[in-house]
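# Structural description and commentary
So the chains spell out like this:
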Amino acid sequence: MNMIDTHLRNIYEDLIQVLEKEDFNAAHANSLFKGPWGALLFLFYYEQFEAPEKDNAVALLEKIYQSYSPAEDPNFAFCNGHTGPFWLLDHLNRHEFVDMDIDYLIDDFISETIQQSKNHLDYKSYDYLHGSLGICNFLVAWANRLEVQEHLEYLVNSLWDAGRETPKGRSLPIFFTYDRVEAEYTDAFSLAHGSCAAMIVVAKVYQAGIAKEKCEQLAKATIGFMLQNKLPVTATSLTGMYPAILDGKYSSANSRLAWCYGDLNVAWTLWFCGKTFNQEAWKEEALNIMRYSARRDTNETAGVVDNCLCHGTSGIAAFYRKFWFETKEQLFLDTANHWYSKAVAAISFDEQKAQHGIRVWQGKDKEWDYSWDLLDGGAGVGLAVLSLKHDTPLHWDECFLLS
């Protein structure tokens, strides 16, 4: 058994223990990105594509689902609320991991989800992980329903109304920041929290045939603004081509390579929307960003510390492998493999087996610690590394807006 196989098996066995013992923070019990539902996503993919002789995922799904009580919690956010678990059930059903009557489960849930999303929009909470955009991304799969169509059109109109004319075009300041004395909204080129997520969701709404004219108008305005904020670079630069957050503090060339913010977010948004709205110039700029960013091939120049999906080496690898599948450009495959090798080399478990997960950077307060979840820990890294072994795309990355 090689090192990759060993790591994947260890992540799998570790996550089984987490779910069997329910060894997770009760506050994250309903969470896809930080709780047991993201661990289940890895278990199903591992058993399907790596170890078909294993048979633990279904039983653990039933165990977690039996203790799941959506009526007791009003949080519907995609990251840590009810939309995440229901997305997982639908995902597993659509991709034939399980066979369930999802329509029976979903009927009442859809109406409540729409109401919660509307509440977010009314309070200008657009965030993909924590606000309306993540909920609406889930709802697109149910766009055959009239109530969903009406709400998705409401989303598009709300995003248009949130726009602001600037000397560089129409911005979309939907990122809520507390960094200043008074909290305010600003632009963030981000899949986790900002306009990149908004444009991906808007493109999906357009693909569903809803509010097509307004979707295209919004995409052209917002992406035009992104392009006007391109930073100056040279043939030898190793800094960002685009800022991450336009709040005066982070709008510099120090933008890191990550899933959550920055150049790779802009590149994928331009590519996805370029295909959707037939904009070749957007697609070409996406390729320019990816080619340029391939030179930032050290942890220091990329601005990464660990191997997590959110802001680590496995997240960078996932972007480059995605562009490889889209274009078959050898540079993208080579760059993906480069970052995969770094991600695999950095997988480290607690030798004392006192903590679950792999060793990752938890921020300046916790520093290095162990994490097993989808966003920042072992489940996410495991899914990224599992993809390395397959010549066709694996669809787990739908929840990260990469499919």
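Refer to the preceding data block for the structure.
A quick note: this is a predicted structure, and the numbers were derived from the prediction, not measured.

### Remarks on the overall build of the chain
When helices and strands are tallied, the chain shows 15 helices and six strands. At 20 Å, the chain has a C-alpha radius of gyration in line with the 22 Å of a compact globule built from 403 residues. Judged by the C-alpha coordinates and their principal axes, the chain covers about 55 × 50 × 45 Å. Relative to its full complement of 403 residues, the chain shows a buried share of 57%. Taking the contacts inside the chain whose residues are at least 6 apart along the sequence as the reference set, 64% of them involve residues at least 24 apart. Just so you have it, the chain exposes about 16700 Å², and 47% of that area is on carbon and sulfur atoms.

### Thoughts on the pairing of strand β5 (residues 358–361)
Of the two faces of β5, only one is covered, namely that formed by Ile358 and Val360; the face formed by Arg359 and Trp361 stays uncovered. Taking the residues between adjacent antiparallel strands as the criterion, β5 and strand β6 (residues 368–371) are bridged by six residues, where Gly363 takes a positive phi near 100°.

### What to know about helix α3 (residues 57–66)
Listed in full, the buried residues belonging to α3 are Ala57, Leu60, Leu61 and Ile64. Mapping the buried residues of α3 onto a view down its axis gives an arc of 105°, with all of them on the same face. In this structure, the buried side of α3 is in contact with α1 (3–21), α2 (36–49) and α4 (83–94).

### Re the environment of Leu218
Following the sequence through the fold, Leu218 ends up in helix α9 (residues 212–228). Since its relative accessible area comes to 2%, Leu218 is described here as buried. Sequence separation of Leu218 and Tyr261 is 43 residues, and the distance between their C-alpha atoms is 21 Å. Sequence-distant contacts of Leu218, that is, excluding residues within four places in its chain, are made with Val156, Leu159, Trp160, Met199 and Val202.

### Comments concerning helix α6 (residues 132–139)
The buried count for α6 comes to eight of eight residues, which makes it a mostly enclosed element. Taken as a whole, α6 has its buried residues at Ser132, Leu133, Gly134, Ile135, Cys136, Asn137, Phe138 and Leu139. For α6, the elements touching its buried residues are α4, α5 (102–122), α7 (146–162) and α8 (195–207).

### Quick look at the nonpolar core
The biggest cluster of nonpolar side chains holds 145 residues, and the ones touching the most others in it are Phe42, Leu43, Leu133, Leu159, Met199, Trp259 and Phe400. Per-element tally for this core: the top contributor is α8, with ten residues. Excluding anything up to four places from it in sequence, Leu133 contacts Tyr126, Asp127, Tyr128, Leu155, Leu159, Ile174, Gly194, Ala197, Ala198 and Val201.

Conventions we followed
- Residues numbered from 1 in each chain as written.
- Predicted model: local features only at pLDDT ≥ 70, side-chain atom pairs only at ≥ 80, totals over all residues.
- Heavy atoms only, no water.
- Helix = DSSP H or I, 4+ residues; strand = E, 2+ residues; numbered from the N terminus.
- Rg over C-alpha atoms; globule rule 2.2 N^0.38 Å.
- Buried < 20%, exposed > 50% of the residue type's maximum accessible area, 1.4 Å probe, protein only.
- Contact = heavy atoms within 4.5 Å.
- Areas by Shrake-Rupley, 256 points an atom, 1.4 Å probe, with all protein chains shown as cover.
- Pairing = 2+ DSSP bridges.
- Arc of directions from axis to C-beta.
- Core = buried A, V, L, I, M, F, W, Y, C linked by side-chain atoms within 4.5 Å.

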